[in-house]
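# Observations on chain architecture
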Amino acid sequence: MNTFRYALRVAASNVRARTAQSALTALIVGLAVALSVAIVVLADAAQRGIIRAADAFGVLVIGPKGSAQQLVLNTILLQDSPIGLLDSAVYDDLVARQPNLRIAPIAMGDNINGYPIIGTNHTFFELRRSINEPPAFQTAQGRLFEANFEAVLGAEAAQALGLQIGDQFLTSHGISSGLASDVHTDHPYTVVGILGRANAPHDRGVFVTLESVWEAHELGAQSAFVARPRADNQTAVRGRLTAALVLPFGVALNDVYRIAQQVNTSPEAQAAFPGAQLGALFSQLNQGQAILNVVAGLALIMASLTILLSLYSTTLARQQAIAIMRSLGARRTTVFTITLLEAFWLTALGVLIGFALGHGVAAAVSAALAAQSAIPLQTRIVWAQELPLLIIPLVLGIAAGILPSALAYRLNVVEKLYNT
Amino acid sequence: MSDIPCLRLSNLMHTYTANGLAPRTVLNVPTWQVAHGEHLLLRGISGSGKTTLLNLLSGLLTPTQGSVEVLGQALSKLTEADRDRFRAQHVGYVFQTHNLLPFSALENVAMPLAFLGVPPRHYRPRAAESLAQVGLAEWQHHKPHQLSAGQRLRVAVARALIAKPALLLADEPTAALDPETGAQVMDLIQRVCHAHKATLIVASHDPALSERFAQVAELRGGTLQMASAEKVGLL
């Protein structure tokens, strides 16, 4: 035991003695480990972030026919473009058939400096992550919109746009900031409220009435828009929507499936379950992650080969030192162990570097992505997936040390002792 | 001490076989023994087989034929691992090039004990004591490149003696030193060996060393001839 502890110390001293070479080798291992760790940590953060961002958005998204995934991504995560327009008759029909159903209509298509204008009604602000939680989107300042061309800003949008209550702004056509000619100069909005931060993509949203959106596009007159206020603040609408969110309150799950089935039989509309679509998205992400894992695995193998090369050349250069140790009483197994432990130290150092670097990179990338998408991406240590990423390189590194260790083991002491 | 000599060689023959060349016998010693506590100078020109003989005595080399007994133990009958352990316990070896590793003087000196499995709390004070014995108490933490040639040799001596070996072998210990430093180091080696009651065999072609030894053995043509210093004309 004492000899093993001494071998550990000698191996550590040997690694320290070749500072530059050891640091470089450990760094190569570290980069390979960092790649794997960052992939796992980012995937975990993205998955949790998307679930967190999506979990307030009801059980069903209704929209025009097309890609269900794009419908969910656009409506819930504010990614990608709307897939088209949905006649509000579909919405009206649902409201008429299911008076207890809480449905938030959504009409998108304009933006202010890239921040999306979301036409909706007050039902949207009833969205909550669970029945026991308060609504996800609540005003922190001011009030909700009551009239057309009144706007309520998401927390992120308010901060980025620098708008305050009472400020006015113009919107542009499209989902991203574009040409000056696209600006709706005739329809300025007035800020009446600012929402508290919900850690969701809709923190980037600018909420207005549906009618404002239509009127800005001169659809109000064309669609003979009539707003009929209802006692429950749910407004019957006419015009075109990009989607409608069905809230999971006041309706049985069976009814939700029935509604989905019913909508899906319609030639122009579809109903998508966010959970199922996000599950499919995660499955695609996992496939991407699997490819990246293969790349990371190859990087780890290359790093192990680097350890092998480094230790092999070091062992060749240090044959006399090994012979000296043998002449002082070190057994073959002891010098074998010392060389193998050098591989262990180098890899362990690389793994530590990789672990820290991987988390650092993942945190930086998460912060950048979160700032861009407002999807809350918070990294954490995912032991179940990271532990193998730390152990496998150690095993590979030690395996890479076997050949140089065998070289040390088989060394001809007398020949190398005088080989100055 | 028992009747068993410190060293006994019987029918020793060692042959080197180089690639493509005929085997060359470098040592042929029918019988030779050295008593406990003796100090002996092993003379011979370069290439006469002095270092080979020391390597055979230390168990680093196994003879082609015959046997080497140290403290009554036939080295060839030991396994390699046991031979390594035996060497660490009973044989100190001061190499011509000192063969220090790039660690501190203390770590270099402690190495034989560490390889025997002695725990640090025991080998550290002994290494410090051994260094103090050779006058390097203040140099424990210096690395070889921070020491003079004489100091490096002292570290090598301290290392060779730390396990209190019964046999100390020194290969050309003064070769890299000026005469004055060489004399000081030889004083030290002999003094410490006397203190440890260790048998000392110094291989050297330095004529200045002959006057220090009552026992001189000459290697010539692979054979060993024992003579007193006077008889070989060294004094």
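Quick note: structure is the one above.
Residues numbered from 1 in each chain as written. Chains lettered and ligands numbered in written order. Predicted model: local features only at pLDDT ≥ 70, side-chain atom pairs only at ≥ 80, totals over all residues. Heavy atoms only, no water.

## Considering the nonpolar core
Worth spelling out the cut-off: We call a set of buried residues a nonpolar core when its members are Ala, Val, Leu, Ile, Met, Phe, Trp, Tyr or Cys and they connect through side-chain atoms within 4.5 Å of each other. Relative accessible area decides the class of each residue, using a 1.4 Å probe on protein chains only: under 20% of the type maximum gives buried, over 50% gives exposed, and in between gives partly exposed. Under the DSSP-based scheme used, a helix requires at least four consecutive residues in state H or I and a strand at least two consecutive residues in state E, with every element numbered from the N terminus.
Counting 97 residues, the largest nonpolar core has Met325 of chain A together with Trp32, Leu42, Leu53, Leu57, Leu131 and Ile201 of chain B as the members making the most contacts within it. The biggest single contributor to this core is helix H3 (residues 105-115) of chain B, with 8 residues.

## Describing the sheet that holds strand S1 (residues 7-16) of chain B
Residues and elements named next belong to chain B. Let me state the cut-off plainly: One requirement defines pairing of two strands: DSSP has to find at least two bridges between them.
Taken in spatial order, the 4 strands of this open sheet run S2-S1-S4-S5, and their pairing is antiparallel. Each having just a single partner strand, strand S2 (24-34) and strand S5 (73-74) make up the two edges of the open sheet. In terms of strand pairing, strand S4 (residues 65-70) meets S5 through 2 bridges, oriented antiparallel. Among the inter-strand pairings, Glu69 is bridged to a residue of S5, identified as Ala74.

## Looking at the interface of chain B and chain A
Counted only if it meets this: Two residues qualify as a contact provided that any one of their heavy atoms is within 4.5 Å of a heavy atom in the partner residue. Buried area: the sum, over both parts, of the accessible surface (1.4 Å probe) that disappears when the two are put together. Here a salt bridge means any side-chain nitrogen of Lys or Arg lying within 4 Å of a carboxyl oxygen belonging to Asp or Glu. Under this definition, polar contacts are N or O atom pairs within 3.5 Å; protein pairs additionally need one hydrogen-donor-capable and one acceptor-capable atom, and for neighbouring residues in sequence, both atoms have to be side-chain atoms.
In this complex, chain B contributes 29 residues to the contact, which on the side of chain A involves 26 residues. Approximately 2,400 Å² of surface area, both sides summed, lies buried where chain B meets chain A, with 59% of it carried by carbon and sulfur atoms. Our count for the chain B to chain A interface comes out at 4 salt bridges. In this structure, the salt-bridge partner of Glu107 of chain B is Arg9 of chain A, at a minimum N-O distance of 3.5 Å. The interface formed by chain B and chain A includes 7 residue pairs in polar contact (both at pLDDT 80 or more). For the side of chain B that touches chain A, the secondary-structure elements that each account for two or more residues are helix H1 (50-58), helix H2 (80-90), H3 and helix H4 (120-133) of chain B.

## Remarks on a nonpolar patch on the surface
Residue and element names in this part refer to chain A. The condition that has to hold: Residues form patches when they are more than 30% accessible in relative terms and have no salt bridge. Like charges link within 9 Å. Nonpolar side chains (Val, Leu, Ile, Met, Phe, Trp, Tyr) link within 5 Å. A 1.4 Å probe and the Shrake-Rupley method give the accessible areas. Residues count as covered only by the protein chains that appear here.
A contiguous nonpolar patch, built from Leu24, Leu27, Ile28, Leu31, Leu357, Val361, Val365 and Leu369 and spanning about 610 Å² of accessible area, is present on the exposed surface. Taken together, the elements giving at least two residues each to the nonpolar patch come down to helix H2 (19-54) and helix H11 (332-373). Its place among the elements puts Leu24 in helix H2. By relative accessible area, Leu24 is classed as exposed at 54%.

## Points about the pattern of salt bridges
For the structure shown, the criterion picks out 20 salt bridges over all chains. When the shortest N-O distance is used, the salt bridge between Glu69 of chain B and Arg8 of chain B registers 3.4 Å. Of this pair, Glu69 of chain B sits in strand S4 while Arg8 of chain B is found in strand S1, placing the two residues 61 residues apart along the sequence. Residue Glu69 of chain B is classed as buried on the basis of its relative accessible area, which comes to 18%. Arg43 of chain B is the salt-bridge partner of Glu218 of chain B, the closest N and O atoms lying 3.3 Å from each other. You can see Glu218 of chain B sitting in strand S9 (residues 215-220) and its partner Arg43 of chain B sitting in strand S3 (residues 39-43), a full 175 residues away along the chain. Neither residue differs from the other here; Glu218 of chain B and Arg43 of chain B are each classed as buried. One network of salt bridges, in which partners are shared, links Arg326 and Arg332 of chain A together with Glu80, Asp84 and Arg87 of chain B.

## Side note on the pairing of strand S4 (residues 115-120) of chain A
Residues and elements named next belong to chain A. For S4, the buried fraction is high: 6 of the 6 residues fall into the buried class. Pairing analysis gives 5 bridges linking strand S3 (residues 103-112) to S4, with the strands arranged antiparallel. Opposite Met108, over in S4, you have Ile118 as the bridge partner. Connecting the antiparallel pair S3 and S4 is a turn made up of 2 residues, with Asn113 showing a positive phi of about 50 degrees. Pairing geometry for S4 and strand S10 (residues 206-209), over 4 bridges, is parallel. Of the residues in S10, the one forming a bridge with Ile117 is Val206.

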